[in-house]
Amino acid sequence: MTDQSYDLIVIGGGAIGLSTAWSAARRGWRTLVLEKYGVLNDDGSSAGASRQFRLQYAQEYMAELSLASQTFWAELQGYTQKTLIRQNGSLWFGDPDLDSQEGGIAAAEKVMDTLHIPYTKLTAAEIEARFPFRNLPKDYEGFFQASGGIIDLKATEEAALDAALASGFVDIHEWEPVTDMAESGTGVTVFTPEGRYHGARLAICAGAYVNDMLRPLGLSLGIDIWQMSSAYFALTAPASHLPTWFVFQNPSSSALFYGFPEVDWAHPGYARVATDFPDKILTDPSQRSFAPSPQSLKLDAQWVKDHMTGLDPTPRFTSTCLIALAKDASRELLLDYTPAWGSPHSNIVTYTAGWAGKYIPILGDMIVRMLSAPETELTYGDYTIPLDKFAIDWTQAQ
Ligand code: BEZ
């Protein structure tokens, strides 16, 4: 049976776990990543081919985190010849006063003004003239922010994986589930069917599977796991100026959609359009279906038919993904120290929930900095990110 020691054990080999391993390796920490499936799998929050990158947020600290992440994206880009973010801009439009999970147009404009992030305000007519949308309600408004784009998710994970492995400091163990954990004198002992590993520090990056990993610590978190559907639609005209986009509409429970331009890494000849509402909200990933909800696909296709030009409205290459979200919608991400076995532990950090694709390379750094020394905020150049905004309400979790 294996019995080895590491400076850091990372549970979860998805995008954030791999980014954490890369960041730890840059500090020379001997790091073990334990992944219960294979890396680059589609079983959790890292499912699918693309994510949106955007700077605009309703909260200043989130926009600042996006700005700060750009340096980390540039560094990760150095590990691959594939383009990690295709910067074709981000278009937000719809009812300007509507608030949603993504924050709302007016609030994001205010933050961009404060942070001097450039953007162009657009009327419905201007949006239809510049981009392949049609029949928009006349009072819709929006903006185009040129730094936004489409993230090649699998290339990002591959780059983090390569960077971690190239360091020589990281071991990745796939198909090795964690079966138990125990406190030890100088850290945490993690048990798997292969043996046991001792980590001076522990990063729990298990996404939607977080509760499986908190249970051995005597904790259980109330998170919502959204099962979401998405589809691709065939281009019927030469690829048009489609940026990544998001439409805010009422009723927000079934009229939020987002989409992407055509990319060469996923179904060339098609563009992805997805619903930004859950098929269903799960309490455990085992409840997940890989078949999208027919109702979500119908709404998605109807939006394409009514409001997009140059796309055939038949949903193709449909899929579902899981995204863990905080029950308290004001928490954009859940990232915190972990009160394991009833007492505070600054050597155990849990990251679980949020729309975190755009933060992949910086989140690993945040986790590693938190594990290096107890922190209440993290400074990146001009930006100081308050960690209490991501705090987990552990009082509800025991
Ligand atoms: C985001 O940018 O955070 C996002 C985009 C589309 C769907 C959900 C989230």
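Conventions we followed
- Residues numbered from 1 in each chain as written.
- Predicted model: local features only at pLDDT ≥ 70, side-chain atom pairs only at ≥ 80, totals over all residues.
- Heavy atoms only, no water.
- Helix = DSSP H or I, 4+ residues; strand = E, 2+ residues; numbered from the N terminus.
- Rg over C-alpha atoms; globule rule 2.2 N^0.38 Å.
- Buried < 20%, exposed > 50% of the residue type's maximum accessible area, 1.4 Å probe, protein only.
- Contact = heavy atoms within 4.5 Å.
- Areas by Shrake-Rupley, 256 points an atom, 1.4 Å probe, with all protein chains shown as cover.
- Lys, Arg positive; Asp, Glu negative; His and termini not counted.
- Charge placed at Lys NZ, Arg CZ, Asp CG, Glu CD.
- Axes fitted to C-alpha atoms, helices over the stretch in contact; angles between N-to-C directions.
- Parallel < 35°, antiparallel > 145°, perpendicular 65-115°, else oblique.
- Nonpolar A, V, L, I, M, F, W, Y, C, P; charged D, E, K, R; others polar.
- Pairing = 2+ DSSP bridges.
- Core = buried A, V, L, I, M, F, W, Y, C linked by side-chain atoms within 4.5 Å.
- Domains from an automatic or database assignment.
- Salt bridge = Lys/Arg side-chain N within 4 Å of Asp/Glu carboxyl O.
- Left-handed = near helix turned anticlockwise from the far one by under 90°.

This paragraph deals with the overall build of the protein. Within the protein one finds eight helices and 22 strands. Here the C-alpha radius of gyration of the protein, 21 Å, is about what a compact globule of 398 residues would show, namely 21 Å. Overall, the C-alpha framework of the protein stretches about 65 × 45 × 45 Å when taken along its three principal axes. Expressed as a percentage of its 398 residues, the buried residues of the protein come to 59%. For the protein, the share of sequence-separated contacts (at least 6 apart) that also reach a separation of at least 24 residues comes to 72%. Accessible surface, the protein as shown: approximately 15,400 Å² in total, 50% of it carbon and sulfur. Positive and negative side-chain charges in the protein, numbering 28 and 47 respectively, have mean positions lying 3 Å apart.

Packed helix pairs are specified by the crossing angle of their axes together with the interaxial distance, meaning the distance between the axes. For the pair helix α2 (residues 60-77) and helix α8 (residues 360-372), the least separation of the axes is 7 Å and the interaxial angle reads 100 degrees. Classified by the angle their axes make, α2 and α8 are roughly perpendicular. Packed against α2, whose contacting residues are Leu65, Ala68, Ser69, Phe72, Trp73 and Leu76, the element α8 presents Ile360, Pro361, Ile362, Asp365 and Met366 at the interface. In the contact of α2 with α8, the residues fall into nine nonpolar, one polar and one charged.

Burial of strand β19 (residues 333-337) is extensive: five of the five residues sit out of reach of the surface. Sheet topology note: the β19/strand β20 (residues 348-354) ladder contains four bridges and is antiparallel. Counted as the bridge partner of Asp336 is Thr350 from β20.

Let's shift gears to the environment of Ile360. Tracing the backbone shows Ile360 in helix α8. According to the relative accessible area criterion, Ile360 is buried, its value standing at 2%. Residues Ile360 and Asp171, spaced 189 residues apart in sequence, show a C-alpha to C-alpha distance of 20 Å. Discounting chain neighbours no more than four positions away, the residues touching Ile360 are Ala15, Ile16, Ser19, Trp73, Leu153 and Thr156.

Moving on, we come to the nonpolar core. Of all hydrophobic cores here, the largest spans 78 residues; its most connected members are Leu335, Met366, Ile367 and Phe390. Among the elements that make up this core, the one with the highest residue count is α2 (nine residues). Built from parts of two domains, this core gets at least three residues from each of domain 1 (2-46 + 154-220 + 331-396) and domain 2 (90-146 + 224-326). When near neighbours in sequence (up to four residues on either side) are disregarded, Ile367 contacts Ile16, Thr20, Ala203, Cys205, Leu335, Val349 and Tyr351.

So, on to the sheet that holds strand β4 (residues 85-86). Within a sheet, neighbouring strands are paired by backbone hydrogen bonds and run either parallel or antiparallel to one another. Ordered in space as β3-β8-β4, the three strands form an open sheet in which the pairing is antiparallel. Whereas interior strands pair on both sides, the edge strands pair on one side only; in this sheet they are β3 (50-53) and β4. With four bridges joining them, β3 and strand β8 (residues 149-152) adopt antiparallel strand pairing. Among the inter-strand pairings, Ser50 is bridged to a residue of β8, identified as Asp152. On top of the sheet, α2 reaches β3, β4 and β8; it is set at about 135 degrees to β3, its chief contact. Running at roughly 50 degrees to β8, helix α5 (residues 153-166) makes contact with β3 and β8 of the sheet.

What follows deals with the pattern of salt bridges. Taken as a whole and judged by the stated rule, the model has 10 salt bridges. Arg196 is the salt-bridge partner of Asp3, the closest N and O atoms lying 3.3 Å from each other. Of the two residues, Asp3 is situated in strand β1 (residues 2-11) and Arg196 in strand β12 (residues 195-204); the sequence distance between them amounts to 193 residues. Residue classification places Asp3 among the exposed positions, given a relative accessible area of 53%. Put simply, Arg215 and Asp212 hold a salt bridge, and the shortest N to O gap is 3.3 Å. What makes Asp212 partly exposed here is its relative accessible area of 24%.

Time to look at the packing of helix α1 (residues 15-26) against α8. Axis separation between α1 and α8 bottoms out at 7 Å; the angle between their running directions is 60 degrees. Comparing their axes, α8 and α1 come out oblique. Seen from above, α1 lies across α8 with right-handed handedness. On α8, the residues that touch Ala15, Ile16, Ser19, Thr20, Trp22, Ser23, Ala24 and Arg26 of α1 are Ile360, Pro361, Leu363, Gly364, Asp365, Ile367 and Val368. Each residue belonging to the contact of α1 with α8 can be placed in one class, and the counts come to nine nonpolar, four polar and two charged.

What follows is about unusual backbone geometry. For the bond running from Asn250 to Pro251, omega is -5 degrees, close enough to zero to count as cis. With respect to the helices and strands, the residue Pro251 is situated in the loop between β14 (244-248) and β15 (257-259). Unlike most non-glycine residues, Leu40 shows phi in positive territory, near 60 degrees. In this structure, Trp175 takes a positive phi of about 55 degrees despite not being glycine. Relative to the helices and strands, Trp175 is located in the loop between β9 (170-173) and β10 (180-184).

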